[in-house]
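Take a look at the letters that make up each chain.
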Amino acid sequence: MSTPLATLRQAAQNPQRLARKAASNPRLIPEILDGLNSDKPRVKYGCAKVLRLVSEQHPELLYPRFDFFVRLLDHENRIFQWDAAYVLSHLACVDSENKFAAVFSKYFAPIPGPVMITAANVIQGGARIARAKPHWADRIAAQVLKVTKARYHTPECRNVAIGHAILALGEMLPLLRRPAPVVQFVRKQTRNPRPATRKKAGQLLKSYYGH
């Protein structure tokens, strides 16, 4: 379809305003989705931001497009992959048809590597999915713990990803039936060579044990 110029212009100039308009006029959603095909970076990334905002505030409007975002996970543009992971994690709370069950493995596949930023986006999304689907919390935690053997471009990348994992697992801890593997992982990270990651591990253990 051909997206009206007004929609494209607003996506580039004021994504927040367009997201609010889409909430009250869902017929704009197909136009915004089509805007991802624009050859103008400000337009396509503006449209992507609109979709992120809509997924946060009105996920039910994007749920009918669930499969579109699943396909976007394989897009050649990594930024679109990250946006897809973000949007899908917000759609979990309205997943009335349990569509996520069929793509669970695909969603979490990037965690072992090789792209740290993709893994980090998926790890963060895992915490949101666990909150929406608490019965999956242990299963999601097991996926996140794969970061311990992940291979990214550098060892430091892995330490950064581990920091994201600690934060995500901290959100999941109250939901876990078996918290022991997570606690063991976090304890080990108190000796992580990255100071920020060590700090996150220490803070989580202090919070978990209440002292």
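Draft legend 1. Looking closely at the overall build of the protein. When helices and strands are tallied, the protein shows 13 helices and 0 strands. In the protein, the succession of helices and strands from N to C terminus is α-α-α-α-α-α-α-α-α-α-α-α-α. On C-alpha atoms alone, the protein measures out to a radius of gyration of 18 Å, which is about the 17 Å that the 2.2 N^0.38 rule sets for 211 residues. Expressed as lengths along the three principal axes of its C-alpha atoms, the size of the protein is roughly 55 × 35 × 30 Å. By residue count, 50% of the 211 residues in the protein fall in the buried class. In the protein, the share of contacts with a sequence separation of at least 24, taken over all contacts with a separation of at least 6, comes to 64%. Of the roughly 10900 Å² that the protein leaves accessible, carbon and sulfur atoms contribute 52%. Of note, the protein has its 33 positive side-chain charges centred 9 Å away from the centre of its 14 negative side-chain charges.

Draft legend 2. Helix α10 (residues 137-144), seen in detail. Of the residues making up α10, those classed as buried are Ala137, Ile140, Ala141, Gln143 and Val144. Looking straight down α10, one finds that the buried residues subtend no more than 155° of arc, so they occupy a single side. For α10, the elements touching its buried residues are α8 (100-108), α9 (116-132), α11 (155-172) and α12 (180-188).

Draft legend 3. How the structure looks around the pattern of salt bridges. Tallying each qualifying case throughout the model produces 5 salt bridges. One salt bridge connects Arg52 with Asp83, and the closest N-O pair in it is separated by 2.9 Å. One end of the pair, Arg52, is in helix α4 (residues 41-57); the other, Asp83, is in helix α7 (residues 78-91), with 31 residues separating them in the sequence. With a shortest N-O distance of 2.7 Å, Glu156 and Arg194 are connected by a salt bridge. Here the residue Glu156 occupies a position in helix α11, and Arg194 occupies one in the loop between α12 and α13 (195-209), the gap between them amounting to 38 residues. Using a relative accessible area of 37% as the deciding quantity, one classes Glu156 as partly exposed. Residue class for Arg194 comes out partly exposed when judged on its relative accessible area of 27%.

Definitions and cut-offs
- Residues numbered from 1 in each chain as written.
- Predicted model: local features only at pLDDT ≥ 70, side-chain atom pairs only at ≥ 80, totals over all residues.
- Heavy atoms only, no water.
- Helix = DSSP H or I, 4+ residues; strand = E, 2+ residues; numbered from the N terminus.
- Rg over C-alpha atoms; globule rule 2.2 N^0.38 Å.
- Buried < 20%, exposed > 50% of the residue type's maximum accessible area, 1.4 Å probe, protein only.
- Contact = heavy atoms within 4.5 Å.
- Areas by Shrake-Rupley, 256 points an atom, 1.4 Å probe, with all protein chains shown as cover.
- Lys, Arg positive; Asp, Glu negative; His and termini not counted.
- Charge placed at Lys NZ, Arg CZ, Asp CG, Glu CD.
- Arc of directions from axis to C-beta.
- Salt bridge = Lys/Arg side-chain N within 4 Å of Asp/Glu carboxyl O.

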